[in-house]
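Summary of the model geometry
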Amino acid sequence: MKSRLLQYAMLLAVTSFFSNNILAQCSTTSPPPTSYCWDSDAIVSLTLGGVTTTPTPNCGNSSTGYTFYSTPVRSLVKGTTVSWTTTHPGVWTEGIAIWIDFNNDGVYSSSEEVAGNASNSSTSISGTFTVPTTATAASNVRMRVRCQYNPSSTWGNGANDACGGYTWGETEDYLVNICDAITVSAQPQNSMGCQNKNASFSVTASGAGGYQWQIDNGSGFTDITNNSTFSGATTSMLSINGLPASIDGANVRCIMSSSCSASVKDTSDPATVTVIANAKVNKQTGDLTTCEKIQTKFGVSASGAISGYKWQVLQKGAGSFVDVVNGGVYSGATSDSLAISQIPASMDGAILRCIVSSACEADTSDSIRVVVQPLPKVVKDPPNVSVIHGSDALFVIEAQGLNLTYRWQAGYQGVYSFINNNAIYSGVDNDSLKVASVSEAQNGFTYRCIISGKGNCAADPDTSSVAILNVLPPLNIANTTTKNSIQLYPNPASGNEITVTINNATKDLNYKIINTVGKTVYEGQLPNTANHNKTISIDGLSSGVYTFQVTNKNGTKISSIQFSKL
């Protein structure tokens, strides 16, 4: 450690030398006069522009007190405020001065001194300065940092101090890049585009040397990488190729880095991506088989920015589709549902489709093939039938249409009801109805058939004209009817009782009275007497034809006979 006496002796020895080396101007590339930094008057570390330098040893070149460091090169942005800190061994009071050749003319001037400090601290000295906006943007600009032992309060006040001599201290030269500040002159603008088309966003900025576009689709901004959808992700213009509907409403922005310092960044305003979805038919009516004169509907369900619907028809044998026009049987020709109040037979074999339009691309539904079947129609009514008492009667009808169904009805005195297959009737659900073993009581009965289609065609059935059953009397007319060993009188019955005699030796016989639709309306037991003679009340039976059926105790049919009640 130097003593005060030695300090002053050395100072007197070099005063003459240093006084001869004070320059009128200070070159940035000329080292200053030699000083002594071997005795703790040194810069231990320099932190400036976020970068720290720690010389090894602390004095660098201890023989001259001067060292030039070509690395690291710090980047300074015009108009920004820079913090700096130096540290020292902590033995003596030190002062710090800093010069930067802002105009890059190779000379340190008084105006380029950014720090001059006569500090009472011997360990750490700090400060800030602002990079002038008038500085020349350039690379490898010289910066000088000087440490002096126990300087005067006016030390570090001009160019001479940048090059002047002193006894104890250290001088370190560095390189810095001076960068223009990032100045955005044109922000990205909101963009609206059609789905699957292209869109772009751009930013115009001076002082920017790097770009990184980001997107926020609802989960925060993330970096965009170039792929099949995005290109130019690291340039001033971002292109979106084939706008996907999934980014509708997303925001994009650009992070710009300084041309000389990647750590200096600026962020553009966000811009919104609006994707106009194309029309898309999601659901529609399939091929349809219907019946003429039936109300028929066809529909589509579509998504997107829908602006309208247009139904078209290609008639069988025609060469091209034509627009459907509202009027007549048509309605909804420009909506998502086309209604035909009574579809004509002329549309059999036609093809329908719907064009769904939007502000962007339209979509067309699949073709809907139409089959129009004729309505069920009676072509030939059943004729009146005349048969002898006890014979079978047959009623026949002719009808046209596809997948026809037949249902016969019997009528008496104008009242009709559906009949079922039973002992009296068969063929109630086809084109021929058989009435077995008719009796005089059925004389004047009428029959008709209802013709229906299937599906839509079932909605408009056709009914035949009425056919009359004429029953001719038997060869011997009597007020007693005998059949299958059964005698029943009176027949027809005009009162409320009938008498039945069974010529059968079997005991434990039962009887049923069955109406024309096969329903049992009365039942009971016959007496185990000679001929099983029994008087039976038919009070409550309506007018009509009935079957009197006899069964044994096992339920096996023995015989039956028909009678009528007037």
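Notes on the structure follow. If you're wondering where the values come from, they're calculated on a predicted model, not measured in any experiment.

The subject of this paragraph is the overall build of the protein. Looking only at helices and strands, the protein features two helices and 52 strands. Its C-alpha atoms give the protein a radius of gyration of 58 Å, more than 25% over the compact-globule value 24 Å for 566 residues. Projected onto its principal axes, the C-alpha coordinates of the protein cover approximately 175 × 60 × 30 Å. Of the contacts made within the protein by residues no fewer than 6 positions apart, 66% connect residues no fewer than 24 positions apart. When the accessible area of the protein is evaluated, it comes to approximately 26500 Å², of which 47% is carbon and sulfur surface. Across the protein, 32 positive and 37 negative side-chain charges occur, with their mean positions spaced 17 Å apart.

Attention shifts here to the pattern of salt bridges. Tallied over the full model, the rule gives five salt bridges. Close ionic contact of Lys-78 with Asp-180 constitutes a salt bridge, the shortest N to O distance being 2.4 Å. One end of the pair, Lys-78, is in the loop between strand E5 (74–77) and strand E6 (81–87); the other, Asp-180, is in the loop between strand E12 (169–179) and strand E13 (183–186), and 102 residues separate them in sequence. The exposure class assigned to Lys-78 is buried, which follows from its relative accessible area of 15%.

Turning next to the sheet that holds E6. If you trace the four strands from one edge of the open sheet to the other, you get E3-E2-E6-E10, paired in antiparallel fashion. The open sheet has two edge strands, strand E3 (51–53) and strand E10 (124–130), and neither has a second partner. Averaged over neighbouring strand pairs, the angle between their axes works out to 15° when direction is ignored. The pairing of strand E2 (residues 45–48) with E6 spans four bridges and is classified as antiparallel. By the bridge assignment for E6, Leu-46 is matched with Thr-86.

Each strand in a sheet pairs with another by means of backbone hydrogen bonds, the pair being arranged parallel or else antiparallel. If you walk across this open sheet you meet the four strands as E24-E26-E30-E29, and the pairing is antiparallel. Looking at the sheet topology across the chains shown, the edges are occupied by strand E24 (280–284) and strand E29 (330–331).

Before going further, it helps to examine the packing of aromatic side chains. In total, this model carries eight aromatic pairs according to the counting rule given. On the basis of an interplanar angle of 40° and a centroid distance of 4.9 Å, the ring pair of Phe-395 and Tyr-447 is categorised as tilted. Taken together, the residues Phe-395 in strand E36 (residues 393–396) and Tyr-447 in strand E42 (residues 446–452) connect sequence positions 52 residues apart. We classify Phe-395 as buried; its relative accessible area is 0%. Here Tyr-447 falls in the buried class, since its relative accessible area comes to 0%.

Its place among the elements puts Arg-253 in strand E21 (residues 251–258). For the pair Arg-253 and Gln-189, spaced 64 residues apart in sequence, the C-alpha separation works out to 9.8 Å. Leave out the neighbours within four places in its chain, and Arg-253 touches Gln-212, Trp-213, Gln-214, Phe-221, Thr-267, Ser-268, Asp-269 and Pro-270.

Position of Lys-565 relative to the elements: it lies in strand E52 (residues 557–565). Of the polar contacts made by the side chain of Lys-565, one reaches the backbone oxygen of Leu-541; its length is 2.6 Å. Setting aside residues no more than four positions away along its own chain, Lys-565 makes contact with Ala-493, Gly-495, Asn-496, Ile-538, Gly-540, Leu-541, Ser-542, Ser-543, Gly-544 and Tyr-546.

Note that the residue after Thr-71, namely Pro-72, is joined by a cis bond; omega there is 0°. Secondary-structure assignment places Pro-72 in the loop between strand E4 (66–68) and E5. Unlike most non-glycine residues, Asn-196 shows phi in positive territory, near 75°. Here Asn-196 shows up in the loop between strand E14 (191–194) and strand E15 (199–202).

Okay, the state of the cysteines next. As enumerated under the stated definition, the model contains two disulfides in all. Residue Cys-26 pairs covalently with Cys-163 via a disulfide, S to S 1.5 Å. Sign of the S-S torsion, about 80° for the bond between Cys-26 and Cys-163, identifies this disulfide as right-handed. One end of the pair, Cys-26, is in strand E1 (residues 26–27); the other, Cys-163, is in helix H2 (residues 159–163), with 137 residues separating them in the sequence. Side by side, Cys-26 and Cys-163 carry an identical accessibility label, which is buried. Paired through a disulfide, Cys-194 and Cys-360 show a sulfur-sulfur distance of 1.9 Å. Every disulfide takes its handedness from the sign of the S-S torsion; for Cys-194 and Cys-360 that torsion is -80°, giving left-handed. You can see Cys-194 sitting in strand E14 and its partner Cys-360 sitting in the loop between strand E31 (351–358) and strand E32 (363–364), a full 166 residues away along the chain. Residue classification places Cys-194 among the partly exposed residues on the basis of a relative accessible area of 22%. No disulfide involves Cys-354; its sulfur sits 18 Å from that of Cys-360, the nearest cysteine.

Burial analysis of strand E51 (residues 544–551) places eight of its eight residues in the buried class, the great majority of the element. Neither face of E51 is exposed, since Gly-544, Tyr-546, Phe-548 and Val-550 on one face and Val-545, Thr-547, Gln-549 and Thr-551 on the opposite face are all buried. Summarising the sheet, strand E48 (residues 510–514) and E51 pair through five bridges and their orientation is antiparallel. Within the sheet, the bridge partner assigned to Asn-510 lies in E51 and is Thr-551. With eight bridges joining them, E51 and E52 adopt antiparallel strand pairing. For Val-550, the partnering residue across the bridge sits in E52 and is Ser-559. Counted along the chain from E51 to the antiparallel partner E52, the turn is five residues long, and its residue Gly-555 has a positive phi close to 85°.

So, on to the environment of Gly-209. Within the secondary structure layout, Gly-209 lies in strand E17 (residues 208–216). Separated by 248 residues in sequence, Gly-209 and Cys-457 have C-alpha atoms that sit 77 Å apart. In this view, Gly-209 contacts Ser-257, Ser-258 and Ser-259; residues no more than four positions away in its chain are not counted.

What counts, and where the lines are drawn
- Residues numbered from 1 in each chain as written.
- Predicted model: local features only at pLDDT ≥ 70, side-chain atom pairs only at ≥ 80, totals over all residues.
- Heavy atoms only, no water.
- Helix = DSSP H or I, 4+ residues; strand = E, 2+ residues; numbered from the N terminus.
- Rg over C-alpha atoms; globule rule 2.2 N^0.38 Å.
- Contact = heavy atoms within 4.5 Å.
- Areas by Shrake-Rupley, 256 points an atom, 1.4 Å probe, with all protein chains shown as cover.
- Lys, Arg positive; Asp, Glu negative; His and termini not counted.
- Charge placed at Lys NZ, Arg CZ, Asp CG, Glu CD.
- Salt bridge = Lys/Arg side-chain N within 4 Å of Asp/Glu carboxyl O.
- Buried < 20%, exposed > 50% of the residue type's maximum accessible area, 1.4 Å probe, protein only.
- Pairing = 2+ DSSP bridges.
- Axes fitted to C-alpha atoms, helices over the stretch in contact; angles between N-to-C directions.
- Phe/Tyr/Trp six-rings, centres within 6.5 Å; stacked < 30°, edge-to-face > 60°.
- Polar contact = N/O pair within 3.5 Å; in protein donor to acceptor, adjacent residues only side chain to side chain.
- Disulfide = S-S within 2.5 Å.

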